[in-house]
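# Observations on chain architecture
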Amino acid sequence: MPSEQKHLWQVTIVRYGTRHATREGVYLNYPLYGEPDGDLEMDYFFWVLRDGEREIVVDTGFSRLGGDNRQRTFLLEPHEAFALAEVDPATAPEVILTHGHFDHIGNIALFENARFLLARKEFDFWTGPNGHQTLFHHSVEDTEIAALVAARDAGRIDFFGGELDYAPGVRVIEVGGHTPGQAMVLVDTSEGTVLLASDAVHYYEEYERDMPFTSVAELPAMYDAFRLIRDALASGEVAHVVTGHDPSTLDRFPRAAGALGEHASVIGELPATSAAPAADIHPDQKGAADALR
């Protein structure tokens, strides 16, 4: 159990979309494992953190444009998903963006007054020349990258690098691998520390068996992230891992109450009040190399 001094949050995992895939289509160079191909589902999530006073949205899912362009199945329309999760984009909640792919920044235009946190390396990549290369560009929508640029120009993006103590009990870690600035989020809860891995690991099998996802910017960094997660679990520093797309995710944790329960699970109790002040964000803050320690 976490120490009494830790500032605790409740994590809500919201599933809003899905698609059918195959193992050969999901895992990098899958025939090298000598295993038969097979069907594999891929779910799509965003995450909400609450401490009784403060609300933080982690990623904003894919938009109708991004989903339709890739024939993804909507289980909930984006505005319906946020409403069921009691997130009102108009109130300008804080938003952590783990990376720039279409299914993680697709609805930032709905959060027209929000502040965003994003790794500087991630922004620079998608707004630079390599972000337009065919093997990368298929994972983004130009209009959504343009929305990121507009948010930057309006002074609504706080950039970081390495590791950032974003709020009491919430730490953001840049690991790269899947994308140049891929980030993960560590959250202290009443059930222990939760690691929102996002797409540092799409499926639990990735870090358990060292099986990289097919879309990767830097393969050694992806393997390093797998190792980091395994070590954190073994040491007890992390109690729960939440992957970016594994369809078993919701079944691993208690379902949410009410209408959201079909689409969401919850980790931790919601604190009644929180006396801890909000932590300031320092743009371009650099963190320690040993991210989880």
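All figures in this text were calculated on a predicted structure; none of them were measured in a lab. (Residues numbered from 1 in each chain as written. Predicted model: local features only at pLDDT ≥ 70, side-chain atom pairs only at ≥ 80, totals over all residues. Heavy atoms only, no water.)

### Regarding the nonpolar core
So the rule is basically this: Each nonpolar core is a collection of buried residues, namely Ala, Val, Leu, Ile, Met, Phe, Trp, Tyr and Cys, held together in the definition by side-chain atoms within 4.5 Å. Burial status follows relative accessibility: with a 1.4 Å probe on protein chains alone, a residue under 20% of its type maximum counts as buried, one over 50% as exposed, and anything between as partly exposed. Each helix is a run of H or I in the DSSP string that is no shorter than four residues. Each strand is a run of E no shorter than two, and both are numbered from the N terminus. The contact criterion used is simple: two residues touch if any of their non-hydrogen atoms lie within 4.5 Å.
V170 and L196 are the most contacted members of the largest nonpolar core, which has 88 residues in total. A per-element tally of this core places strand β2 (residues 39-50) first, with eight residues. When near neighbours in sequence (up to four residues on either side) are disregarded, V170 contacts W9, L49, I56, I96, L164, D165, V185, L186 and V187.

### Let's talk about the sheet that holds strand β9 (residues 170-174)
Here is the rule: When DSSP finds at least two bridges between two strands, those strands are taken to pair. Angular values range over 0 to 180 degrees, each being the angle between N-to-C directions of two axes fitted as lines to C-alpha atoms, with helices fitted over their stretch in contact.
In spatial order, the strands read β8-β9-β10-β11-β12; together these five strands make up an open sheet with mixed pairing. Lying at the two open borders of the sheet, with one neighbouring strand each, are β8 (163-167) and β12 (240-243). On average, each strand axis in the sheet is inclined to that of its neighbour by 20 degrees, with strand direction left out of account.

### Let's talk about the layout of surface pockets
Selection rule: A cavity, in this analysis, means grid points on a 1 Å lattice covering only the protein atoms where a 1.4 Å probe fits yet has no way out; a pocket is instead an open set bounded by protein on both sides within 12 Å along at least five of seven lines, and a residue lines either one if it has an atom within 4 Å of a point. Grid points are joined across faces, edges and corners, and a volume is the space filled by probe spheres set on the points.
Its boundaries defined by the atoms lining it, the largest pocket holds a volume of some 250 Å³. Lining the largest pocket are 18 residues, with R19, R72, F102, S139 and F213 positioned closest to its centre.

### Side note on the UniProt feature "domain: Metallo-beta-lactamase" (unreviewed entry) in the chain
Stated formally: UniProt positions are given in the numbering used here, feature names are shortened, and annotations may be inferred rather than shown by experiment.
As annotated by UniProt and renumbered to match this structure, "domain: Metallo-beta-lactamase" (unreviewed entry) occupies residues 43-245. Segment residues 43-245 splits into 31% helix and 27% strand. End C-alpha atoms: 5 Å apart.

### Focus: the pattern of salt bridges
What counts here: Whenever a carboxyl oxygen of Asp or Glu lies within 4 Å of a side-chain nitrogen of Lys or Arg, that contact is scored as a salt bridge.
By the definition in use, this model includes 20 salt bridges. E55 serves as the salt-bridge partner of R50, at 2.8 Å between the closest nitrogen and oxygen. For R50, a relative accessible area of 15% puts it in the buried group. The exposure class assigned to E55 is buried, which follows from its relative accessible area of 18%. Among the ionic pairs, R171 bridges to E163, the shortest N-O distance being 2.7 Å. Judged by its relative accessible area of 11%, E163 falls in the buried class. Here the residues in one salt-bridge network are R23, E35, E205 and R209, joined through shared partners.

### Comments concerning empty space enclosed by the protein
One pass over the full model with this rule turns up one cavity of 30 Å³ or more. In this structure, the largest cavity occupies an estimated 30 Å³ of space. Surrounding the largest cavity, Y16, F46, T60, G61, F62, P78, A81, F82 and N107 form its lining. A per-element tally of the lining of the largest cavity places helix α3 (residues 78-84) first, with three residues.

### Things to note about helix α7 (residues 142-153)
Defined as follows: What a helix is expected to span follows from its residue count: subtract one and scale by 1.5 Å. Arc definition: directions from the helix axis to the C-beta atoms.
Between its first and last C-alpha, α7 extends 16 Å over twelve residues, near the 16 Å set by a 1.5 Å rise per residue. Taken residue by residue, α7 has E144, I145, L148 and A151 as its buried positions. The buried residues of α7 occupy one face: seen down the axis, they fall within an arc of 115 degrees. Away from its buried face, by an angle of more than 90 degrees, α7 presents the exposed residues T143 and D153. Those residues of α7 hidden inside the fold are in contact with α2 (64-69), α4 (102-105), β6 (116-119), α5 (120-126) and β7 (157-161).

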